[in-house]
Amino acid sequence: MDHTHDKYYIPHGSHWPVVGSCALFMMLGGFAVYLNGAAIGGTVSLIGLALLVVMLAGWFGTVIAESMSDCYNSQVDKSFRMGMMWFIFSEVMFFAAFFGALFYARQLVIPWLGGEGTKFMTNLMLWPGFEALWPSNGPAHAGGEFETMAAAGLPAINTAILLSSSVTITIAHHALKNGNRLLLNLGVLVTVILGFSFIFLQATEYMHAYSELNLKLSTGIYGSTFFVLTGFHGLHVTIGAIFLTVIWFRVLRGHFTPQKHFAFEAAAWYWHFVDVVWLCLYFFVYWL
Amino acid sequence: MTNSSGFRLVGKITTLLGLMIIAPSAFADMVLNLRRGVTDISQTVYELHMLILWVCVVIAIVVFGVMIVSIVLHRRSRGAEAASFSHSTKAELIWTIIPVIILVWMAVPAAKTLVVMEDLRDSEMTIKITGYQWRWHYSYLGTEVDFFSTLARSSNIARQLRSGVDPFSVENYLLDVDKPLVVPVDTKIRLLITSSDVIHSWWMPSFAVKKDAIPGFINEVWFKANETGTFRGQCAELCGRGHGFMPIVVDVLSQQDYAAWIDAKDRGETVAMVDSTADTTAEAPAAARELSGEELYNISCGACHQANGQGLPPAFPGLVDSAVVDGPVAEHIDIVMNGRVGTAMVGFSTQLSDAELAAIISYERNAWGLNSGDTVQASDIAAAR
Amino acid sequence: MGPEYEATADQYQADDHDHHGAPSGIKRWLFSTNHKDIGTMYLVFSLLMFFVGGTMIMIVRAELFQPGLQFVDPAFFNQMTTMHGLVMVFGAIMPAFVGLANWMIPMMVGAPDMALPRMNNWSFWLLPVGFTFLVATLFMPGGAPAAGWTMYPPLVLQTGDAFPFLVFAVHILGASSIMGAINIIVTIMNMRAPKMTLLKMPLFVWTWFITAFLLLAAMPVFAGAVTMLLFDQYFGTHFFNAAGGGDPVMFQHIFWFFGHPEVYIMILPAFGIVSEIIPTFARKPLFGYNSMVYATASIAVLSFIVWAHHMFTVGMPLAAELFFMFSTMLIAVPTGVKVFNWIATMWRGSMTFETPMLFSLAFVFLFTIGGFSGLMLAITPVDFQYHDTYFVVAHFHYVLVPGSLFGIMAGVYYWLPKWTGHVVDEKLAKTHFWLSAIFVNITFFPQHFLGLAGMPRRIPDYSTQFADFNMMSSLGAFGFGLSQLLFVYIVYRTVKGGEKASSEVWDNPKGLEWTVPSPAPHHTFETAPELR
Ligand code: HEA
Ligand code: HEA
Ligand code: CUA
Ligand SMILES: [Cu+2]
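Residues numbered from 1 in each chain as written. Chains lettered and ligands numbered in written order. Predicted model: local features only at pLDDT ≥ 70, side-chain atom pairs only at ≥ 80, totals over all residues. Heavy atoms only, no water.

**Description of the overall build of chain B**
When its secondary structure is counted, chain B shows ten helices and ten strands. In chain B, buried positions account for 53% of the 385 residues. Only carbon and sulfur atoms are counted for the fraction: they give 58% of the accessible area of chain B, which is about 16700 Å². (Helix = DSSP H or I, 4+ residues; strand = E, 2+ residues; numbered from the N terminus. Buried < 20%, exposed > 50% of the residue type's maximum accessible area, 1.4 Å probe, protein only. Areas by Shrake-Rupley, 256 points an atom, 1.4 Å probe, with all protein chains shown as cover.)

**Considerations on the site of ligand 2**
Residues and elements named next belong to chain C. What surrounds ligand 2 is a group of 33 residues, the closest being R61, H84, W149, H397 and R458. Separating an oxygen atom of ligand 2 from a side-chain N or O atom of Q447 is a distance of 3.2 Å. Every element with two or more residues in the shell around ligand 2 is listed here: helix 3 (35–63), helix 4 (74–109), helix 15 (390–420), helix 16 (426–453) and helix 17 (467–496). Each residue belonging to the shell around ligand 2 can be placed in one class, and the counts come to 20 nonpolar, ten polar and three charged. (Near = heavy atom within 4 Å. Polar contact = N/O pair within 3.5 Å; in protein donor to acceptor, adjacent residues only side chain to side chain. Nonpolar A, V, L, I, M, F, W, Y, C, P; charged D, E, K, R; others polar.)

**A few points about unusual backbone geometry**
The peptide bond linking Q133(B) to W134(B) adopts the cis configuration, its omega dihedral lying at -5 degrees. Within the secondary structure layout, W134(B) lies in the loop between strand 1 (125–132) and strand 2 (135–140). At the junction of P153(C) and P154(C), the peptide bond is cis and its omega measures out at 0 degrees in the coordinates. Structurally, P154(C) is set in the loop between helix 5 (117–136) and helix 6 (162–190). Here R348(C), not a glycine, exhibits a phi torsion of approximately 60 degrees, which is positive.

**Quick notes on the coordination of the iron atom of ligand 1**
No protein donor other than H395(C) (NE2) coordinates the iron atom of ligand 1, and that contact is at 2.2 Å. Note that H395(C) resides in helix 15. (Donors = N, O, S within 2.8 Å, 3.2 Å for Na, K, Ca; no water.)

**Remarks on the confidence of the model for chain C**
Residues and elements named next belong to chain C. Here chain C averages 92 in pLDDT, while 95% of its residues score no lower than 70. pLDDT under 50 marks residues 6–18. Its contacts with residues more than four places away, or in other chains, come to 26 contacts. Listed scores for the predicted complex are pTM 0.91 and ipTM 0.91. (pLDDT = per-residue confidence, 0-100. Contact = heavy atoms within 4.5 Å.)

**Remarks on the sheet that holds strand 9 (residues 229–235) of chain B**
Residues and elements named next belong to chain B. With mixed pairing, five strands are arranged side by side in an open sheet as 4-10-9-6-7. Both edges of this open sheet fall to strand 4 (181–184) and strand 7 (209–213), since each of them pairs with a single strand only. Ignoring which end each strand starts from, the neighbouring axes of this sheet average 25 degrees apart. Strand direction decides the pairing type here: strand 4 and strand 10 (residues 247–253), joined by four bridges, are parallel. Of the residues in strand 10, the one forming a bridge with V183 is V252. This element, helix 5 (residues 255–266), spans strand 4 and strand 10 of the sheet and lies at about 130 degrees to strand 4. (Pairing = 2+ DSSP bridges. Axes fitted to C-alpha atoms, helices over the stretch in contact; angles between N-to-C directions.)

**What about the interface of chain B and chain C?**
Tallying the contact residues gives 99 residues for chain B and 104 residues for chain C. Approximately 9100 Å² of surface area, both sides summed, lies buried where chain B meets chain C, with 72% of it carried by carbon and sulfur atoms. Our enumeration of links across chain B and chain C arrives at two salt bridges. Across the pair R76(B) and D507(C) runs a salt bridge whose closest N-O atoms are separated by 2.9 Å. Taken together, chain B and chain C are joined by 26 residue pairs in polar contact (both at pLDDT 80 or more). Those elements that provide at least two residues to the side of chain B that touches chain C are helix 1 (3–26), helix 2 (40–73), helix 3 (89–117), strand 7 and strand 9 of chain B. Tallied by class, the residues present in the side of chain B that touches chain C amount to 63 nonpolar, 21 polar and 15 charged. (Buried area = accessible area lost by both parts, 1.4 Å probe. Salt bridge = Lys/Arg side-chain N within 4 Å of Asp/Glu carboxyl O.)

**Observations regarding the coordination of the iron atom of ligand 2**
For a metal bound by four donors in a tetrahedral arrangement, the ideal donor-metal-donor angle is 109.5 degrees, while six donors in an octahedral arrangement ideally sit at 90 or 180 degrees. All names here are of chain C. Each protein donor to the iron atom of ligand 2 is listed here as H84 (NE2) and H397 (NE2); together their distances run 2.0 Å. Every donor counted, the six donor atoms about the iron atom of ligand 2 form angles of 86 to 179 degrees at the centre, which fits octahedral coordination. With H84 in helix 4 and H397 in helix 15, the pair connects residues that are 313 residues apart, well separated along the chain. The same class applies to H84 and to H397, which are both buried. (Tetrahedral: all angles 85-135°; square planar, octahedral: opposite > 155°, others 65-115°.)

**Observations regarding the nonpolar core**
Ranked by size, the top nonpolar core spans 378 residues in total, and within it Y140(B), W202(B) and F90(C) carry the most contacts. A total of 23 residues in this core trace back to one element, the largest contributor, which is helix 7 (residues 203–234) of chain C. Beyond its immediate sequence surroundings of up to four residues, Y140(B) is in contact with M125(B), T126(B), I127(B), V145(B), F147(B), L181(B), V182(B), Y258(B), W261(B) and I262(B). Grouped together as the second largest cluster of nonpolar side chains are 32 residues, L174(B), I299(B), M337(B) and A367(B) included. (Core = buried A, V, L, I, M, F, W, Y, C linked by side-chain atoms within 4.5 Å.)

**Structural notes on the pattern of salt bridges**
Residue and element names in this part refer to chain B. For the coordinates displayed, the defined rule picks out 18 salt bridges over all chains. For D119, the salt bridge is made with R121, and the minimal N-O distance between the two is 2.9 Å. Residue class for D119 comes out partly exposed when judged on its relative accessible area of 25%. Note that R153 and E356 form a salt bridge whose closest N and O atoms lie 2.7 Å from each other. In this pair, R153 is assigned in helix 4 (residues 153–158) and E356 in helix 9 (residues 354–366), connecting sequence segments 203 residues apart.

**Remarks on the site of ligand 1**
Inspection of the region around ligand 1 gives 33 residues, with W149(C), Y264(C), D383(C), H387(C) and H395(C) positioned closest. Two or more chains meet at ligand 1, and those chains are chains B and C. At 2.8 Å from an oxygen atom of ligand 1 is found a side-chain nitrogen or oxygen belonging to W149(C). Elements with a minimum of two residues in the shell around ligand 1: helix 8 (248–265), helix 12 (332–346), helix 13 (355–378) and helix 15 of chain C. A total of eight residues in the shell around ligand 1 trace back to one element, the largest contributor, which is helix 13 of chain C. Of the residues belonging to the shell around ligand 1, the class tally is 20 nonpolar, eleven polar and two charged.

**Remarks on the packing of helix 9 (residues 268–282) of chain C against helix 13 of chain C**
Residue and element names in this part refer to chain C. Following both chains from N to C, one finds helix 9 and helix 13 inclined at 125 degrees, their axes separated by 9 Å at the closest point. Relative to helix 13, the element helix 9 lies oblique. Every pair of crossing elements has a handedness; the one defined by helix 9 and helix 13 is left-handed. Here helix 9 contributes A270, F271, V274, I277, I278, F281 and A282 to the contact with helix 13, which in turn contributes P356, M357, S360, F363, V364 and F367. (Parallel < 35°, antiparallel > 145°, perpendicular 65-115°, else oblique. Left-handed = near helix turned anticlockwise from the far one by under 90°.)

**Regarding the sheet that holds strand 8 (residues 219–223) of chain B**
Residue and element names in this part refer to chain B. Read from one edge to the other, the open sheet built from five strands follows the order 3-2-1-5-8, with strand pairing classed as mixed. Either end of the sheet is taken by a strand with one partner, and the two such strands are strand 3 (146–149) and strand 8. Strand-to-strand twist of the sheet, defined as the mean angle between neighbouring strand axes without regard to direction, takes the value 25 degrees. The sheet contact formed by strand 1 and strand 5 (residues 189–195) spans seven bridges and is parallel. Within strand 5, the position partnered with G131 by the bridge is S195.

Structure, rendered in structure tokens:
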């Protein structure tokens, strides 16, 4: 890394992107084959996933190494920050699609099926007797009778967990800026633990839903929106928690300085994003 | 850059525009424009269309005019020196505000028309229309009358891949059905439109009606025809392999004729259409001879189950490996005649004759290497009716 | 105001110590982190896809040459139409613009490269994965997707084995676009040379900047939409099924929330390109630079609130139909501002008509015609008649072919000497232009008449009254397609050799890209250029 400080660092050729493409090819192609009913696809898909993990480790490893050997000036740092921010924005839009589906179904489709507005005949002739109520699994009662998840139980605990994890990561951030390494270390560790507890509780909640409430993916539009929204959120929490775990190990190695700690902040932003999505979920999916 | 190539540009552009203007008159007998249609709404829509069209033409003449003048005059080859101005708030305001005014002026009649179109009150009769892959089903609410309307036999034969039948020899090629929708003139008719499978769209240009048929929902539209006659349209939403082959024909009858028609229909009689070209079977060249079971299969069933019997899974099952085709004859006859409720497999008992159904079923049971040796007779079908 | 440039060209000698021209061999392309190499790959890929998508539609046009079914089964016909739409939109037009962005944006803002070069590489190398999925579907049981590029359920759920591949192809192409957009945004926000203030940026940079935000906001929604399809198909959800409380129309809303911004994604960069070219050949600064920027931004904002104009016939409530009609009509205003500004730029200029200018002029003419038919489509009660007919096909090909595609061609002819160091053979290029401009009109103008006369789109066979115009359109299409072979030949020849281009190439063009030698060195602006 012979680059001087004030020069924008342009990396030389890298094989990681192509490896990543191969990984996604196998992972998604294999999964598609699996969905078409050939079990071998599942295996290919898992190999692809493994390769993807290797790629991510390798790619980030390279970046970390470059960062540690001071290749990046402040302008590069800024590029990374902006990149992360706009990436999170695109994630917000991804969730917006599913929230949009929830609002549309709940505010428009269910009332229409119940005969509201110009859809009187829809109700009368196609779905006689269907009443527009939420939660709903539709006029055909797809998936059968079900109960919804009570907002007060596990979800409330999970809300508390995520909220406090947001606090702990902020404490860690301040500690990092003040050079308090012990607090930093603890802050991240607690956040990671809280994150994984969230995932654990979420899994428990799903099992409860499936085994006791008869609330499933196939439970009409309610089950669809409920599981897809919370499921994608859970996936993001998992990614965020893994991200933070990596950060914790880097903290242990003393990677971050009060001035330079982009990766730490990226993880923290991501965590806050996941947190905000959860608050929306808790409000719109569990509460209302 | 030479002098002459610049002139060539202008020359070619004008020839091109000229050609576009002249070309239509060369095809005077062809339909070039929206039709006026036979309802008040369709006339209004036609006028709206002409209004916007002319607005656009006028703006185009002004905009392209200025551009062409500039291209002709302000070219270096004519010694034009470039000016250096780069903005003018006044000009920019003008060409922001004028379009806004034009747009508002166009939006008002458009909005009014839309409001009228959506006003379903006081309709005098109601027909429920259901789209199927690939035929329409009409049901006259308040009567016992309901029937399927399918692409006319003559067109269906001619439209097969490499059928050898010249489409020009078929009357109303692809725009004809076996049983048209019959409605009275001067009557506000409400249509309830829905679908049994995928999205279709019921489009009758002469009434300016186009509404999507959406499974699980009913959309409502209305029309009131001012003239009697036969009007033709098509399914307008991509609905799979047969999308191009589910035409719509509406016979508008005088009120007396309609009353007689619906009366007879209601009593379960088959009525010859008063004003319809529906039964064109006799005119179709290929139908002059008897069709074999294989040909009939390809025409009526091949769209879904495919000529090779493999079907198009997952939507349309293959028949080669079907337990029904390989199983008891009675069950086979039953599904072909009566269909399976809730699937794209509708019953064919009303569309095909006993002999035809028998031929198809016999064919299926012996084709694609099945060789069951069964033959079904027309009498078997008659017995099952 | 508008930008002013005066870079010190001799910085090149100053900073040549570090390295090296391009690395050689396959690794140069596979592992590249160089914006120019990646740009080249994007452009070549998009040309390839243009031919793939074009070949597919030639099959369609051959079938439509005469009434009756001569060549293909209707199911295959639908596959060709669908794949043509998908390949052209995601394979030809979008990657071509990203390729141009890669080549030009760093040079135009005075940056050493794109901000995130490794990710840039990945953005590109995801495309072959996505298109392998997509093209492979042609050979799968049940055939390729055949439900239109809009993939409406429930029809799309009748797709065979191709279905999950279609969904994952969209995911991968979406990821590629999102990464590309992030890179462009960051490059523009963070990598500009000192004194390159936002309102000094060339318009191509501006339009791409705004386009990148459209991508960022629209592509994830599209990914969400197809994810819901996947779940409905395989995991028992009921998003688009009324029996379970869903609605097929909901998919259309989500799709078009993406789909409409998508069509502006395909036109805004072209606006930028012609805004570069017209001032050069009119020898006059761009008229109304600031209002151009604001107009572009307004178009982008409006594009998110007009989506349901594609769905006027689905049976929306009256209020919604009115709202979407009005908002759609409004887009004519900022677009008009752009058209008028281009004309005012030509006004009292000193114009010459080299190939890039010819393509730009044709763009202004023919895009505007497409815009007018768009405005007609926006009038809801009349759209009931136009919707899903060839009038719509005519509309969007006027904005996409002589619009987006001509914009790309104009850009390629404009910058090709800069990329290759060789001057383009003007005579051949002009021949290509005239053939394209004439045939494109023969192909698509008659389609207006077909649509008005009542020919629905996406049909493999039609009533005999439509025969003449279809034949004309098919002939035009064959002519247009064959003319593009000439384009390939011209590009090939220019890459291989020819008269050396000066660094300015044209007569006193404005912009930093003209201050560097032709061909542009492998690394430009390792130290930022100085602007006045
Ligand atoms: C590059 C892509 C592009 C662009 C730029 C546009 C631009 C516009 N489009 Fe188009 N459109 C498509 C691509 C595009 N479209 C595609 C692909 C489809 C079909 C998708 C599918 O179904 O497969 C479609 C379909 C489509 C429909 C749906 C039709 C239907 O299915 O029924 C509508 C309806 O409103 C519409 C409207 C418009 C409008 C109002 C504009 C406006 O932006 C145009 C504005 C421009 C002008 C108006 C001209 C210049 C202005 C002036 C000179 C000023 C003065 C003018 C006046 C005051 C009139 N478009
Ligand atoms: C995005 C850009 C884009 C571009 C550039 C094009 C380019 C072309 N399009 Fe397409 N088109 C769409 C986007 C585009 N299209 C979309 C989105 C749809 C809707 C799909 C849907 O309904 O779902 C559509 C649909 C569509 C239809 C309607 C099909 C139907 O409804 O069934 C037609 C019909 O004429 C058509 C024609 C053409 C033609 C002739 C070209 C020509 O410009 C193509 C010219 C290029 C070539 C021909 C390739 C190069 C040359 C060769 C390979 C040499 C060999 C050539 C010969 C043998 C002649 N297109
Ligand atoms: Cu039914 Cu198209
Ligand atoms: Cu649109």
